[in-house]
Structure formats: structure tokens, C-alpha cells
Amino acid sequence: MSDHGEYGHDGGGGPATEAFVAHRNLLFTVAYEMLGSAADAEDVLQETWLRWAGVDLSGVRDRRAYLVRITTRQALTRLRTLGRRRESYVGSWLPEPLLTTPDVAEDVELADSVSMAMMLVMETLTPTERAVFVLREVFDLGYDEIAEAVGKSPAAVRQTAHRARAHVAARRPRGAVSRTETRDALAAFQRAVETGDLRGLLDILAPDVVLLGDGGGIKRAVLRPVRGAGKVARLMLGGLLRQPAEVSMEPVQVNGFPGLLVRLDGALDTVMAARFDDGLITGLYAVRNPEKLTRMRRRTVLRR
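Residues numbered from 1 in each chain as written. Predicted model: local features only at pLDDT ≥ 70, side-chain atom pairs only at ≥ 80, totals over all residues. Heavy atoms only, no water.

K.L.:
Whenever I open this one, the environment of Trp 49 confuses me. Can you help?
P.N.:
You can see Trp 49 is positioned in helix H2 (residues 38-52). For Trp 49 and Thr 71, which are 22 residues apart along the polypeptide, the C-alpha to C-alpha distance reads 9.0 Å. (Helix = DSSP H or I, 4+ residues; strand = E, 2+ residues; numbered from the N terminus.)

K.L.:
Which parts of the structure should I look at to understand the packing of helix H1 (residues 15-35) against H2?
P.N.:
Two packed helices can be described by the angle between their axes and the distance between those axes. Here H1 crosses H2 at 145 degrees, and the two axes come no closer than 9 Å. By crossing handedness, the relation of H1 to H2 is classed as right-handed. On H2, the residues touching Ala 16, Thr 17, Ala 19, Phe 20, Arg 24, Leu 27, Phe 28, Ala 31, Tyr 32 and Leu 35 of H1 are Ala 38, Asp 40, Ala 41, Glu 42, Val 44, Leu 45, Thr 48, Trp 49 and Trp 52. Counted by class, the contact of H1 with H2 contains 14 nonpolar, two polar and three charged residues. (Axes fitted to C-alpha atoms, helices over the stretch in contact; angles between N-to-C directions. Left-handed = near helix turned anticlockwise from the far one by under 90°. Contact = heavy atoms within 4.5 Å. Nonpolar A, V, L, I, M, F, W, Y, C, P; charged D, E, K, R; others polar.)

K.L.:
What am I meant to see in the nonpolar core here?
P.N.:
A general trend in soluble globular proteins is that nonpolar side chains are found buried together. The biggest cluster of nonpolar side chains holds 54 residues, and the ones touching the most others in it are Phe 28, Met 34 and Trp 52. Of all the secondary-structure elements, those providing two or more residues to this core are H1, H2, helix H3 (63-86), helix H5 (108-114), helix H6 (116-122), helix H7 (127-138), helix H8 (143-150) and helix H9 (154-169). Broken down by element, the residue count for this core peaks at eleven residues, all from H1. If we ignore the near neighbours within four places in the chain, the residues touching Phe 28 are Ala 38, Ala 41, Glu 42, Leu 45, Leu 98, Arg 295, Thr 300 and Leu 302. Core analysis: the second largest hydrophobic core is formed by 25 residues, Val 226, Leu 237, Met 249 and Leu 260 among them. (Core = buried A, V, L, I, M, F, W, Y, C linked by side-chain atoms within 4.5 Å. Buried < 20%, exposed > 50% of the residue type's maximum accessible area, 1.4 Å probe, protein only.)

See the structure below:
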């Protein structure tokens, strides 16, 4: 749905279409941050467009705010449905990874908010807390605007924002790591895996590192979190060295941070992202579910 062909029901390029297309990347980012799924975010945008196309624009003072409000409401409805669906998901559920553009990495706050580590932290919020956190902390919307979007009073939104902020702060990555350090650490990880260097791998993994795998019941993946540097290192080396196929790893930008594409005989098999705390890898996220890898063929533009 990345082309704009379906947004032309108001005359092929009227003010409704123009406003929607102008803010489309922003609306996608709002929906994706709330849902952790690009496919569901695209569906939300389609629903947003259908509602927006029926709005009398003469009564709309701020088109951007109005569109964000529709998108948030649609995303909240979908998020509550997804929560029930994820309860029956096979193994660990991980956000759908995105191949992001360089400008996302340059916007530190945006990159932080869409990182796999932060997206997983946001999964632990309630749907309303997540909506309020995203709109306030990432998009800097006012409490009155957020109140309209989530159907709560501004006072209730303030309380929710405070609760969500404290919840996230307690779980977000500790110790800022520069982009250069992150890239160097991931390069050391890649080198150690490719050369079967167990010692080198143990040097870059935190003692309490956690590996999560998402195969979605379609591809083989660890069904439960694997904890501890020794277990994770042996699993990484054993899993790749036992492959009958030729394994290659390519450094890319995944959700605003350095990540790796793992290919078997040239075909994309796994997207790997990592969480870094104080220079060491504390979280490894391996997405193998092929339904979640479709966005890795082209870059996704995110906007605040």
C-alpha cells in the first residue's frame, strides 16, 4: 500500500487526498509504534483513509491532528484484538522488523522509540498506556489532543502518561551507547559467529544476555527465551555451523539501529537485532517468521 493509488476517492487529488498523502509516513509511524506490525499498520492506514475521505474538511482546523486522532483510534481497536491473537502465538512474539532509512538513525528519539528493544518494552504497556506514551513521548502531542484521540480526560491522560513513562524508564536499555559503539559491537558479534570464535562471542555478550526467537510456528526457532552468555553463544554457533546451506550475514539498519540479515544460500532467513547495555549485548532478537520479513526487501520511511 505504499503507492498512493487508492487515495483518490475525492476527485483524484483533492484536499483530502493531499492531506492524507502529506502525512502518510507520520500516520504509518504512529500505527507501527502502537502495533509492532507493519502489516497491521498498513491496514490501520486503509481504515483511516476510508474515514478521512468521508470527513467534511470545512470543519477541520488542524488536518494533521485530526488524521493522527483517527489513526490512533483505529490502532487502539486493532491493538486490543491483537492482544488476544498473540496469546495463542507459537513461541515468542517479536515486532515485525523494518529496513529503515539513514535519516531514522539520525533522529535519536525516533530511532530509540522504534528500536526492537523499545518496541518490546512497549509491548508490556496496556493499549491505552501505549497510545498515550507514543503520542506524548515520541510525537510530543499535547494532553488535550491525546485526550481526544484516546477518549479520556486530559487529567486521566496525564496520569496515564506518568505511569507509562515510569514503566518504560524502569525497563529501557541502560547506559547510552553511541551508534559507532553499537556498530562495532555488532561487527565483533558477526565476526565471532562467522569464524566460530566462542571466546570472541562471549566477550561481546553480557553474562545475563537473553535470546528471543520468532518463527511464528512456520520456521524453527527457540520457543522460550534462552538466557546466559554460554548457552546463547553455543546455540548461535551450533545452529549456524550445523546448517547444510551457505550462511552469509549482512549489516543493515533495522528499526533505526545496526542489525544483521542472515541469508541461507542467498535467501533471506533471519533478521537479527540486538539490545545493548553499557557496551555489551544484553538482548538478541532473531525474527525468522517469513510473514514478518516482507518489509526487508525495501526501506521503510518513518516520520515524526
